[in-house]
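# Fold and contact review
Letter by letter, the chains look like this.
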Amino acid sequence: MSSFQRRDAHPALILGPSDDKKVSYEDLRREVDRKMATSKGPGSTAPVEALVATATFDFVAEALALLESNRPLAILNPRWTETERVAREKILVATPQAETALILFTSGSSGTPKGVELSKRAIESNTDAVIKSLDFEKASHQILHLPLHYAYSLLGQLLPALKLGLTTRLLDGFNETIPLVRASRLDGMWSGVPSHYE
């Protein structure tokens, strides 16, 4: 599975509210390929690679490299306490299903947290469905401020935009939209929940 086909100087990511940290599709592909070449590869002692989700170039490139190299990936919330993180990591001790590409965690609000295993086929189907249902092809770019450990952020925003070759302005939380609002630069496609707009 290639997460994206575009490989030119067009910006894949703009990191933060200013325009000075751009990552081209060419640079993203080069970093994903570099990480794939240096990864542990199949046969590693760890059945699942766990990554803490951050709004950074390194996280995006590492996650894409793991997905493209068929290494199961678990996404961890950077705000979890040590106890919460350990509880989720205990779930990862067991070997995942053969087709598992990605593990996202439930909040645990109704009991023990669970790791939801997704196959590459499920990820690709979800990405295609989101592109179609949200008219992603009509967007020129998007703003992504939701945490990347959320299923919707990763599967419903980042991956569809990369697949279509759109630019994603990757923000570290909703508060980073404030400079964009003040500068009248809050444009393009972006998502949130009702409390963001109150």
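Chains are numbered independently. Their residues run from 1 in the order of the written sequence. Two thresholds apply to this predicted model, a pLDDT of at least 70 for residue-level local features and 80 or more for giving and counting side-chain atom pairs, whereas whole-chain, interface and lining totals are computed over all residues. Neither water nor hydrogens contribute to the side-chain values; these are computed over all heavy atoms in the structure.

## Structural notes on the overall build of the protein chain
Keep this limit in mind: Helix and strand definitions here come from DSSP, where helices need a minimum of 4 consecutive H or I residues and strands a minimum of 2 consecutive E residues; each element is numbered from the N-terminal end. This radius of gyration counts C-alpha atoms alone. The globule rule is 2.2 Å times how many residues there are, raised to the power 0.38. Residue contacts are defined here by distance: any two heavy atoms, one from each residue, within 4.5 Å place the two residues in contact.
Counting secondary structure elements, the protein chain contains six helices and nine strands. Taking 16 Å as the expected radius of gyration for a compact globule of 198 residues, we find that the protein chain reaches 17 Å, a close match to that expectation. Projecting the C-alpha coordinates of the protein chain onto the three principal axes gives extents of approximately 50 × 40 × 30 Å. In the protein chain, 64% of the contacts between residues at least 6 apart in sequence involve partners at least 24 apart.

## Focus: the sheet that holds strand β2 (residues 22-24)
Where we set the bar: The rule for pairing is simple: two strands pair if DSSP sees at least two bridges between them. Throughout, an axis means a line fitted to C-alpha atoms (over the contacting stretch in the case of helices), and angles, computed between N-to-C directions, take values from 0 to 180 degrees.
If you trace the five strands from one edge of the open sheet to the other, you get β2-β1-β8-β7-β9, paired in mixed fashion. Because the sheet does not close on itself, it has two edges, and the strands there are β2 and β9 (189-190). Pairing of strand β1 (residues 11-15) with strand β8 (residues 167-170) involves three bridges; the strand directions are parallel. Opposite I14, over in β8, you have R169 as the bridge partner. Sitting on the sheet, helix α1 (residues 25-38) is in contact with β1 and β2, with an inclination near 75° to β2. Contacts between helix α5 (residues 151-164) and the sheet are confined to β1, β7 (141-144), β8 and β9, with β7 contributing the most and set at about 150° to the helix.

## Remarks on the packing of α1 against helix α2 (residues 57-68)
Cut-off, in case you're wondering: For classification purposes, an angle smaller than 35 degrees is called roughly parallel, one larger than 145 roughly antiparallel, one from 65 to 115 roughly perpendicular, and anything else oblique. Crossing chirality is assigned from the near helix's rotation relative to the far helix, an anticlockwise turn below a right angle marking it left-handed and a clockwise turn marking it right-handed.
The N-to-C vectors of α1 and α2 enclose an angle of 60°; their axes lie 8 Å apart at closest approach. By the criterion of interaxial angle, the relationship of α1 to α2 is oblique. The interaxial crossing formed by α1 with α2 has right-handed handedness. Mapping the contact onto sequence places D27, L28, R29, E31, V32, K35 and M36 in α1 and F57, D58, V60, A61, E62, L64, A65 and E68 in α2.

## As for the nonpolar core
The test is simple: We define a nonpolar core as any set of buried Ala, Val, Leu, Ile, Met, Phe, Trp, Tyr and Cys residues linked to one another through side-chain atoms lying within 4.5 Å. A simple rule labels every residue: compare its accessible area, found with a 1.4 Å probe on the protein chains alone, to the largest value its type can have, and call it buried under 20%, exposed over 50%, or partly exposed in between.
Grouped together as the largest cluster of nonpolar side chains are 34 residues, with contacts concentrated most on L28, V60, L102 and L162. Contributions of two or more residues to this core are made by β1, α1, α2, β4 (73-76), β5 (100-105) and α5. Looking at which element gives the most residues to this core, the answer is α2, with eight residues. Among residues more than four places away in sequence, those in contact with V60 are L13, L28, L148, L158 and L170.

## Concerning the environment of A74
Secondary-structure assignment places A74 in strand β4. Assessed through its relative accessible area of 0%, A74 is described here as buried. For A74 and L104, which are 30 residues apart along the polypeptide, the C-alpha to C-alpha distance reads 6.1 Å. The contacts of A74, once residues within four sequence positions are left out, are V48, E49, A50, L51, L92, I103 and F105.

## Description of the pattern of salt bridges
To keep it simple, the criterion reads: One speaks of a salt bridge when a side-chain nitrogen belonging to Lys or Arg is within 4 Å of a carboxyl oxygen belonging to Asp or Glu.
Scanning the model with the defined rule gives 15 salt bridges in all. Of the charged contacts, one joins D8 and R6 as a salt bridge, the two residues approaching to 3.0 Å between their closest N and O atoms. On the accessibility criterion, D8 (32% relative accessible area) is partly exposed. Here the salt bridges do not stand alone but share partners, grouping E31, R34, K35, D58 and E62 into one network.

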